[in-house]
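What the coordinates show
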Amino acid sequence: MFCYQCQETANGTGCVLKGVCGKQPQTSEYMDLLLAVVRGVSVVDSELRKAGKTTCDCVNDFVIDALFCTITNANFDDDSIAARIEKGIEIRNKLMAKADGIALPDYEELKWNGDKSQYDKAYKKVGVLRTENEDIRSLKELTVYGLKGLAAYYEHAARLGFTDKELINFTCDALATITNPNAGQEELFNLVLETGKAGVKAMAMLDEANTKSYGNPEITKVNIGVGKNPGILISGHDLHDIEDLLKQTEGTGIDVYTHGEMLPAHYYPQLKKYKHLVGNYGNAWWKQREEFSSFNGPVVFTTNCIVPPLANANYKERMFTMNSTGFPGCKHIETGSDGHKDFTEVIEAARHSNAPTEIEHGEILGGFAHNQVLELADKIVEAVKNGDIKKFVVMAGCDGRMKSRNYYTDFAKALPKDAVILTAGCAKYKYNKLELGDINGIPRVLDAGQCNDSYSLAVIAMKLQEVFGLDDINKLPIAYNIAWYEQKAVIVLLALLSLGVKNIHIGPSLPAFLSANVAKVLVEQFGIAGITTVEDDLKIFGM
Ligand code: FSO
Ligand code: SF4
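On a predicted model such as this, the values are computed, not experimentally measured, just so you know.

**Quick notes on the pattern of salt bridges**
- Counting across every chain of the model gives 27 salt bridges.
- The residue aspartate 173 makes a salt bridge to arginine 49 at a minimum N-O spacing of 2.8 Å. One end of the pair, aspartate 173, is in helix H6 (residues 165–179); the other, arginine 49, is in helix H1 (residues 25–50), with 124 residues separating them in the sequence.
- Where lysine 247 meets glutamate 243, a salt bridge forms, and the shortest distance between an N and an O atom there is 3.6 Å. One end of the pair, lysine 247, and the other, glutamate 243, are both in helix H8 (residues 239–249), four residues apart, so they sit about a helical turn from each other.
- For lysine 247, a relative accessible area of 46% corresponds to the partly exposed category.

This is the structure in structure tokens:
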């Protein structure tokens, strides 16, 4: 196996024996094959469209789901990945039959017949290392990781009825380009930037889907303690799933708690109205082994990030996966033909569970997505004009288990009192329980929501640019100190670059998949940088 798609990759270079995330070599190899099949489907889809022929709607869901299921910590279930490979081969062959008369390129991705007995040989030709030139490999992988993030956001929006065929076509065309062994550096670099633009579109679509379905997020205090009823813990990013769960648990005497990235569900009027959505239990994804043990009730994963439970984990039996996620031995809840899920089994498991064990007490504040912040715009602009707020620091992105991430807690604590943190994603758990106070009633940590709500932060920045009459978004008093872990953070980064944001610092380490030359171009063109020490970085950011 070879995988270097996430921040925790072994030795900062690549996982080769087993994933630090727990991914087994065979799972990694199946994923390489699945990605090759997705590329094959995309090449034919792209060629058919170029020739003015119709393709097949089956491409849409297949490509999105397959990309999503290869994101870090989403799926550890080889059988479910193998099933996707088989489905993809069928789709590719169906498309190839339609391409009769079109000269298709001579790619490995169009030749493999999907023979399961050949998996262990076939993956070698199509994995990440198939591209020898490390700069070309870097640009291709940067594109595909961005597309994985895009696919995740697309899927959530699609489940709420929002789709965009242009985004699907872009995804397939981009995958077709990276399939070409002769694609050049310039073409691929432009593709990376185009992927960022498509990312903005996908994030805007998800923002529209979430807010049209559940209302605009509003300032909300979220309980972090527990009640006396048994509970169901729901993690991940899919708001459609939590709505289904809230509807089905209403009046049952079972409470619903959010975990990790599901915390922002509390900010939406049409979700917070459910009285039995009682709180957020625990922290970011990587603390789940302890927190799921003490939660006592069933846990449902709507998306990544799954940490493989230890062999003696007391919660494996009560762990359920959904959508693109999977874990061997865990129950997978399918989406029904009406687009909804049936949580009967989860509810039944909750009935036989004890109430959660309290691990902390109090409240956290959030709900500062663009609409809410723009309602406070006058107050914010006044505070900036009179010097009470001197700097905004975007600290969006991911949390993770590496000790080096304590930097972000220290950085938040060390910020001058006239700085405000704008956050989104699970990175916030590094500082959202600190008492950082407020400036003229404006909290010093403004949480917009999930990682996709980084879009909200961009909207806020563009609004401030307009209010202050600036010709360049980079003239705003905003610093970007972003933490990354997996591929959704990649599309967030590419999206910010495509909006013209410069001098973004990313940590706790730079991606292993950026070759020295690609990193150099990003530094020269966009001012991308890593992190150093809290003290030095504060100086670099002019604080
Ligand atoms: Fe965190 Fe996991 Fe949202 Fe990621 S939960 S790490 S960036 O999936 O997607 O922020
Ligand atoms: Fe390693 Fe990250 Fe890939 Fe897992 S996702 S195998 S930790 S690089």
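**Examining helix H2 (residues 58–69)**
- Here H2 contains 12 residues, and its C-alpha end-to-end distance of 17 Å stays within 8% of the 16 Å for a straight helix at 1.5 Å per residue.
- The buried fraction of H2 amounts to 10 of the 12 residues, a majority that puts the element mostly inside the structure.
- Looking only at H2, the buried set comprises Val59, Asn60, Phe62, Val63, Ile64, Asp65, Ala66, Leu67, Phe68 and Cys69.
- Buried residues along H2 sit in contact with H1, helix H3 (78–98), helix H5 (134–159) and H6.

**Quick notes on the site of ligand 1**
- Residues in close proximity to ligand 1 include His237, Glu261, Trp285, Asn304, Cys305, Gly397, Cys398, Gly425, Cys426, Cys451, Glu486 and Lys488, which together make up its full environment.
- Within the contact set of ligand 1, an oxygen atom lies 2.8 Å away from a side-chain nitrogen or oxygen of glutamate 261.
- Of the residues belonging to the shell around ligand 1, the class tally is five nonpolar, four polar and three charged.

**Overview of H8**
- In terms of residue burial, H8 counts as a mostly covered element, since nine of its 11 residues are buried.
- The set of residues buried in H8 consists of Leu239, His240, Asp241, Ile242, Glu243, Asp244, Leu245, Leu246 and Thr249.
- One side-chain oxygen at the N-terminal end of H8 lies 3.0 Å from the backbone nitrogen of histidine 240; it belongs to aspartate 238.

**A few points about the packing of H1 against H6**
- Where H1 meets H6, the axes come as close as 8 Å, and the angle between the chain directions of the two elements is 110°. Here H6 runs roughly perpendicular to H1, going by the angle between their axes. The crossing of H1 and H6 is left-handed. Between H1, through Val38, Arg39, Ser42, Val43, Asp45, Ser46 and Arg49, and H6, the contact on the second element is made entirely by Asn169, Cys172, Asp173, Leu175, Ala176, Ile178 and Thr179.
- Broken down by class, the residue content of the contact of H1 with H6 amounts to six nonpolar, four polar and four charged.

**Description of the site of ligand 2**
- Around ligand 2 sit Met1, Cys3, Tyr4, Gln5, Cys6, Thr9, Cys15, Gly19, Val20, Cys21, Lys23 and Thr72, and those are all the residues in its vicinity.
- Of the residues assigned to the shell around ligand 2, the class counts are seven nonpolar, four polar and one charged.

**Observations regarding the environment of phenylalanine 68**
- Relative to the helices and strands, phenylalanine 68 is located in helix H2.
- You can call phenylalanine 68 buried: its relative accessible area is 1%.
- Along the backbone, phenylalanine 68 and tryptophan 285 are 217 residues apart, and their C-alpha atoms lie at a distance of 17 Å.

**Focus on the environment of leucine 470**
- By the secondary structure assignment, leucine 470 is in the loop between helix H15 (454–467) and strand S14 (478–483).
- With 383 residues separating them along the chain, leucine 470 and lysine 87 place their C-alpha atoms 51 Å apart.
- Excluding residues within four positions of it along the chain, leucine 470 makes contact with Gln465, Lys475 and Leu476.

Rules behind the numbers
- Residues numbered from 1 in each chain as written.
- Chains lettered and ligands numbered in written order.
- Predicted model: local features only at pLDDT ≥ 70, side-chain atom pairs only at ≥ 80, totals over all residues.
- Heavy atoms only, no water.
- Salt bridge = Lys/Arg side-chain N within 4 Å of Asp/Glu carboxyl O.
- Helix = DSSP H or I, 4+ residues; strand = E, 2+ residues; numbered from the N terminus.
- Buried < 20%, exposed > 50% of the residue type's maximum accessible area, 1.4 Å probe, protein only.
- Expected span 1.5 Å × (residues − 1).
- Contact = heavy atoms within 4.5 Å.
- Near = heavy atom within 4 Å.
- Polar contact = N/O pair within 3.5 Å; in protein donor to acceptor, adjacent residues only side chain to side chain.
- Nonpolar A, V, L, I, M, F, W, Y, C, P; charged D, E, K, R; others polar.
- Axes fitted to C-alpha atoms, helices over the stretch in contact; angles between N-to-C directions.
- Parallel < 35°, antiparallel > 145°, perpendicular 65-115°, else oblique.
- Left-handed = near helix turned anticlockwise from the far one by under 90°.

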